[in-house]
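So you can see what is in the structure, the chains are spelled out below.
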Amino acid sequence: MQQDALVIAGKTYQSRLLVGTGKYKDFQQTAEALDASGCDIVTVAIRRVNLGQNAGEPNLLDFLPKNRYTLLPNTAGCYSADDAVRTLRLARELLDDHRLVKLEVLGDPNNLFPNVRETLKAAETLVKEGFDVMVYTSDDPIVARELEQIGCCAIMPLASLIGSGMGILNPWNLQLIIEQSQVPVLVDAGVGTASDAAIAMELGCDGVLMNTAIAAAQDPVRMAMAMKLGVQAGREAYLAGRMPKRFYSATPSSPREGVISSRQG
Amino acid sequence: MPTIQLNGESRHFDATVSTLSDLITALELGGKRIAIECNGEIVPRSQHASTPLSDGDALEIVVAVGGG
C-alpha cells in the first residue's frame, strides 16, 4: 500500500488523529491515552502559573516523553484576537520558538462557538509573525476560504459543539470545505465515539482533533485506541472509494443460478 | 520596593527583587518551563537576568497545561 502521511506546514505526520491533553484523571492517564491513540500531535493550553501553595506541583510537559510528540499550543478560552495572539507569543517563547499553533477565538462561553471576526483578525497577525496557524472555525465554507487565503496551514471546522460528543452534524458543509481547500482540513470538536471519527475521515477530512471524546470515556485509554482505529478505518475507506449507494435496488452477493430447490420448475 | 501586577494581581516585593530573574527565584519558579510577558511584550528567557523590574510593571507568567 502507498504511504499515506499527513502533511501540515511542510512537516509529515504518520497519525491523522490529534489529541488534546485536558480533562484526564491525572497526567499518568493522559500519557497512557496519548500512547494508545498513536497520535503525533498533542494540544496543550497556556495558563497563568499557579503561584504560592502549589509551587511544587508537577507539570504536564514532564509527563510527555521528550521529542515524541509535536506540541500544539492552543488559545482555548480566549475571546479576543488580542488575547489569542498574546497567548501564542507566550507559547512560542515557552516552547523554544515553536511555530505550529492552534488558533481558536471563542464567541460565547456557553456554546463555545468561534468568533470568526476575531479569529480572522488573529490569523492575519499570527501568519504575518511567522506562525503556522491551524485554525478552529465554524463549518462556514466562506470563512474557511478566507482563513486559507490569509495563510492558515490547516482549517479545522467544528463537527458539533466543543465537548458535546454530538458527532458529525453537518457532513454537507464539511464536504464543501474539504472540496475547496488546498490545505488540510481537520474536524476539530464534536466527535463522540469512534464511528464519528470514521465518518469524518470517510468524508475526506485529512485528520481529526479530539479531547473530551477520549478523556470523558469510561475507559479513556481504550477509547484512545478505538479512535486510532476509527480514524484509520475511515481513512482507508475514503482512499478505497466506497461503492455507490443503490437506492431501492438490492443485488445479491451470491450467484442467482444453481440454487438447490424443491420448487418444481 | 516594587509593586507589580502579577497574573492580574497586585503583589509587593522587597528591594532585593530587582530583575525578572530575582522575581523567578522569589516565586520559586527557578528551573520551571515558564514564559513571561512584561507590559505586553515577551521577555525571552535569555533576557530574564538583565530585565529590570519596575514599579507598576504588568507581568504574565504562564505554563503549559492540559487542554484540547
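Residues numbered from 1 in each chain as written. Chains lettered and ligands numbered in written order. Predicted model: local features only at pLDDT ≥ 70, side-chain atom pairs only at ≥ 80, totals over all residues. Heavy atoms only, no water.

Take the interface of chain B and chain A next. Contacts between chain B and chain A engage 26 residues on the former and 28 residues on the latter. At the boundary of chain B with chain A, total buried surface from both sides reaches about 2500 Å², with 56% on carbon and sulfur atoms. The largest contributions to the chain B side of the interface with chain A come from R33, A64 and G68 of chain B, which together make up 26% of the buried area. A salt bridge links E93 of chain A to R45 of chain B; its shortest N-O distance comes to 3.8 Å. Connecting chain B to chain A are 14 residue pairs in polar contact (both at pLDDT 80 or more). (Contact = heavy atoms within 4.5 Å. Buried area = accessible area lost by both parts, 1.4 Å probe. Salt bridge = Lys/Arg side-chain N within 4 Å of Asp/Glu carboxyl O. Polar contact = N/O pair within 3.5 Å; in protein donor to acceptor, adjacent residues only side chain to side chain.)

As a further point, take the nonpolar core. If you look at the biggest cluster of nonpolar residues, it comprises 67 residues, and the most contacted ones within it are L103, I155, V191, M210 and M227 of chain A. Of all the elements, helix α3 (residues 81-94) of chain A adds the most residues to this core, at seven residues. Filtering out sequence-adjacent residues up to four positions away, M227 of chain A remains in contact with L17, V191, G192, T193, A194, A197, M210, A213 and I214 of chain A. Counting 19 residues, the second largest nonpolar core, distinct from the first, contains F13, L20, L27 and C38 of chain B. (Core = buried A, V, L, I, M, F, W, Y, C linked by side-chain atoms within 4.5 Å. Buried < 20%, exposed > 50% of the residue type's maximum accessible area, 1.4 Å probe, protein only. Helix = DSSP H or I, 4+ residues; strand = E, 2+ residues; numbered from the N terminus.)

Attention shifts here to the packing of helix α1 (residues 27-37) of chain A against helix α9 (residues 220-240) of chain A. Residues and elements named next belong to chain A. Where α1 meets α9, the axes come as close as 7 Å, and the angle between the chain directions of the two elements is 20 degrees. Taken together, the axis directions place α1 and α9 in an arrangement best described as roughly parallel. Judged by the sense of rotation from one axis to the other, the crossing of α1 with α9 is right-handed. Residues Q29, E32, A33, A36 and S37 of α1 lie in contact with α9, whose contacting residues are P220, V221, A224, M225 and K228. Looking at the contact of α1 with α9, its residues break down into six nonpolar, two polar and two charged. (Axes fitted to C-alpha atoms, helices over the stretch in contact; angles between N-to-C directions. Parallel < 35°, antiparallel > 145°, perpendicular 65-115°, else oblique. Left-handed = near helix turned anticlockwise from the far one by under 90°. Nonpolar A, V, L, I, M, F, W, Y, C, P; charged D, E, K, R; others polar.)

This next bit is on the pattern of salt bridges. Here the structure, examined in full by the defined rule, presents 14 salt bridges over all chains. Of the charged contacts, one joins D35 of chain A and R68 of chain A as a salt bridge, the two residues approaching to 2.6 Å between their closest N and O atoms. With D35 of chain A in helix α1 and R68 of chain A in the loop between α2 (60-63) and β5 (70-73), this residue pair connects regions lying 33 residues apart in the sequence. When its relative accessible area of 42% is taken as the criterion, D35 of chain A is described as partly exposed. Among the charged side chains, a salt-bridge network with shared partners connects E93 and D96 of chain A together with R33 and R45 of chain B.

Below, the discussion takes up the packing of aromatic side chains. All names here are of chain A. Within this structure, the stated rule accounts for one aromatic pair over all chains. Seen from their ring centres, F27 and F63 are 5.1 Å apart, and the 45 degrees between their planes marks the pair as tilted. Separated by 36 residues along the polypeptide, F27 in helix α1 and F63 in helix α2 bring together distant segments of the chain. (Phe/Tyr/Trp six-rings, centres within 6.5 Å; stacked < 30°, edge-to-face > 60°.)

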